[in-house]
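# Close look at the chain arrangement
If you want the building blocks of each chain, they are given just below.
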Amino acid sequence: MTVVTRFAPSPTGRLHVGNVRTALANWLWAQKQGGRFWLRLDDTDAERSEEWFAVSIRDDLAWLGLHPDAEVRQSDRGTLYEARFAELVAAGRIYPAYETSQELDLKRKIQLGRGLPPVYDRAALKLTNVDRKRLEEEGVRPHWRFRLDESAPIEWDDLIRGHQRFDPATMSDPVIRRADGSWLYMLPSAIDDVDMGITHVVRGEDHVSNTAVQIQMFAAIGAAPPAFAHQALLTGAEGKLSKRLGSVGVDEFREAGIEPAAVRALLARLGTSDPVEPIVDAAELAAGFDFARFGRAPARFDEAELAQVNARIVHQLPFDAVAGRLPAGMTEEAWLAMRPNLSSVAEAADWWAVVEGPVQTATATDDRDFLTRAAALAGEIDWTGDPWHALTGALKAESGRKGKALFLPLRRALTGRDHGPDMAQLLPLIGRARAVERLYAA
Ligand code: GLU
């Protein structure tokens, strides 16, 4: 069996971190199994779907490195839905209903008032042909419901949640099509999952009750259901379902200097019993991906943790992977010298500016003579080997200074800063001429 997964966003908004996690899980599972990963745009809601969102979804997936093997969109597939719909109507699994939303509201209120669950009473199934004809003559257009089979519980073994069981008698027959002919999410998705040969549906646990209904839809279509894995939802760092998470997406990550590999590494492990590790190689991440590792408790997404993973990813990136994003002229040697100090690739430009100068320094009076002497020595030492140790060695012997008193005035004079990359690596990049000049100027 070839594994086939799909990510099925509605192009009615930008992807947020929760969607990204769903896409990633589907992609990783397909990668691990040598399977296929589809992008399916669930754009049956013509009013809310926008082309611009479809474009942004593709761009975001590309940035994340989650390349779909193929793409379909539901708005192209109406003919297939019509055919299945007609079959299910003929089989008595889909029926027309004529209640207005006000009437349905009223029914629910009455049920709730009597302490009954607000389950649709199937009044539409009791209509005779004459009743229906009269309603249609009055110009009432029906919406359509899927008739649940109440004869047995709906059960499946969820790859994350374990055994699931729903009693269809406690559920309303879902509306699957509106009076204007437009489709609701539920049925087209099941039809597509069958038609696309989807073997695994991986999505958020907010879809668990949809799955119960869709399992009956698969049966009604005459197809075996795919396997299901429902991930617990993400919460914000505070541990609560946060509104803010709904707006955190690829744009924010990019702006914060986050690498796609960091997003993947964190989101692949959030909510699992495995530690979050700064894994750059997506294949390695896929190899360790396993639904059995996921827990049922909500997973906390913490931007500070993402920033930490990002720094650890940046520290591993080879020059080739970042060269296009570095300032002109910056060498591999310079990248390797700076990399351990960066929390984002963009920060390399700041350190490159320090190398190239000019730098601004304020020198303490006590250090003036020391630095003048350092400037003279910097002109004399051998620069071919390790000029930093040559310079500090000579200065230490002469001045008796050591530790911070020795190193900090030099670092400040040479870089204008108190902290930064290893001076032994930075000094050769600054070079003799600029070093001498900076030490004199200080
Ligand atoms: N379009 C649905 C959503 O975005 C897809 C859910 C599914 O994966 O079936 O929630």
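Under the annotation held in an unreviewed UniProt entry, the chain carries the name Glutamate--tRNA ligase and is attributed to Sphingomonas aerophila. As recorded by UniProt, the Subunit (unreviewed entry) comment attached to the chain reads in full: "Monomer." Recorded under Function (unreviewed entry), the UniProt text for the chain is reproduced unchanged: "Catalyzes the attachment of glutamate to tRNA(Glu) in a two-step reaction: glutamate is first activated by ATP to form Glu-AMP and then transferred to the acceptor end of tRNA(Glu)."

### Thoughts on the overall build of the chain
Of regular secondary structure, the chain possesses 18 helices and 12 strands. When the backbone C-alpha atoms are referred to their principal axes, the chain occupies close to 110 × 45 × 35 Å. Per-residue burial for the chain yields a buried fraction of 48% across its 442 residues. For the chain, the share of sequence-separated contacts (at least 6 apart) that also reach a separation of at least 24 residues comes to 73%. Of the roughly 21100 Å² that the chain leaves accessible, carbon and sulfur atoms contribute 51%. Taken as two groups, the 53 positive and 63 negative side-chain charges of the chain have centres that lie 3 Å from each other.

### Side note on the nonpolar core
In terms of nonpolar packing, the biggest core is built from 92 residues, with Phe253, Val263, Phe301, Trp335, Met338 and Leu439 touching the most fellow members. If near-sequence neighbours (up to four positions away) are discounted, Trp335 is found in contact with Val314, Leu317, Pro318, Phe319, Val322, Leu326, Met330, Leu342, Val345 and Ala348. Core analysis: the second largest hydrophobic core is formed by 31 residues, Ile176, Val213, Ile215 and Met217 among them.

### Some remarks on the UniProt feature "domain: Aminoacyl-tRNA synthetase class I anticodon-binding" (unreviewed entry) in the chain
The sites that carry the UniProt feature "domain: Aminoacyl-tRNA synthetase class I anticodon-binding" (unreviewed entry) are, in the present numbering, residues 364–441. Structurally, residues 364–441 is divided into 74% helix and 0% strand, and its ends, taken at the C-alpha atoms, are 13 Å apart.

### Quick notes on the packing of aromatic side chains
For the structure shown, the criterion picks out 12 aromatic pairs. Taking 5.1 Å as the distance between ring centres and 85 degrees as the angle between the ring planes, the aromatic pair formed by Phe85 and Trp144 counts as edge-to-face. With Phe85 in helix H3 (residues 78–90) and Trp144 in strand S5 (residues 143–146), the pair connects residues that are 59 residues apart, well separated along the chain. We note that Phe85, like Trp144, is buried. Taken together, the ring pairs in this structure connect Trp29, Phe289, Phe291 and Phe294 into an aromatic cluster. Looking at Arg145, its charged tip hangs above the ring of Tyr120, at a distance of 3.6 Å from the centre. Over the ring of Trp183 we find Arg177, and its NZ or CZ is 3.9 Å from the ring centre.

### Some words on helix H9 (residues 260–269)
The element H9 is extensively covered by neighbouring structure, given that 10 of its 10 residues are classed as buried. Directly after H9, the chain includes Gly271, whose backbone phi takes a positive value near 85 degrees.

### Focus: the site of the ligand
Taken together, the neighbourhood of the ligand is formed by Arg6, Ala8, Ser10, Asp42, Tyr185, Ser189, Arg203 and His207. Interatomic distance of 2.6 Å between a side-chain N/O atom of Arg6 and an oxygen atom of the ligand. Ala8 is positioned with one of its backbone polar atoms (N or O) 2.8 Å from a nitrogen atom of the ligand. For the shell around the ligand, the per-class residue count stands at 2 nonpolar, 3 polar and 3 charged.

### Some points on the side chain of Thr5
When you line up the elements, Thr5 lands in strand S1 (residues 4–7). A polar contact is formed between the side chain of Thr5 and the backbone oxygen of Asn26, at a distance of 2.9 Å. Setting aside residues up to four positions removed in sequence, Thr5 forms contacts with Asn26, Trp27, Trp29, Ala30, Arg36, Phe37, Trp38, Ile198 and His200.

How each quantity is defined
Residues numbered from 1 in each chain as written. Predicted model: local features only at pLDDT ≥ 70, side-chain atom pairs only at ≥ 80, totals over all residues. Heavy atoms only, no water. UniProt positions renumbered as here; feature names shortened; annotations may be inferred. Helix = DSSP H or I, 4+ residues; strand = E, 2+ residues; numbered from the N terminus. Buried < 20%, exposed > 50% of the residue type's maximum accessible area, 1.4 Å probe, protein only. Contact = heavy atoms within 4.5 Å. Areas by Shrake-Rupley, 256 points an atom, 1.4 Å probe, with all protein chains shown as cover. Lys, Arg positive; Asp, Glu negative; His and termini not counted. Charge placed at Lys NZ, Arg CZ, Asp CG, Glu CD. Core = buried A, V, L, I, M, F, W, Y, C linked by side-chain atoms within 4.5 Å. Phe/Tyr/Trp six-rings, centres within 6.5 Å; stacked < 30°, edge-to-face > 60°. Lys NZ or Arg CZ within 6 Å of the ring centre and 35° of its normal. Near = heavy atom within 4 Å. Polar contact = N/O pair within 3.5 Å; in protein donor to acceptor, adjacent residues only side chain to side chain. Nonpolar A, V, L, I, M, F, W, Y, C, P; charged D, E, K, R; others polar.

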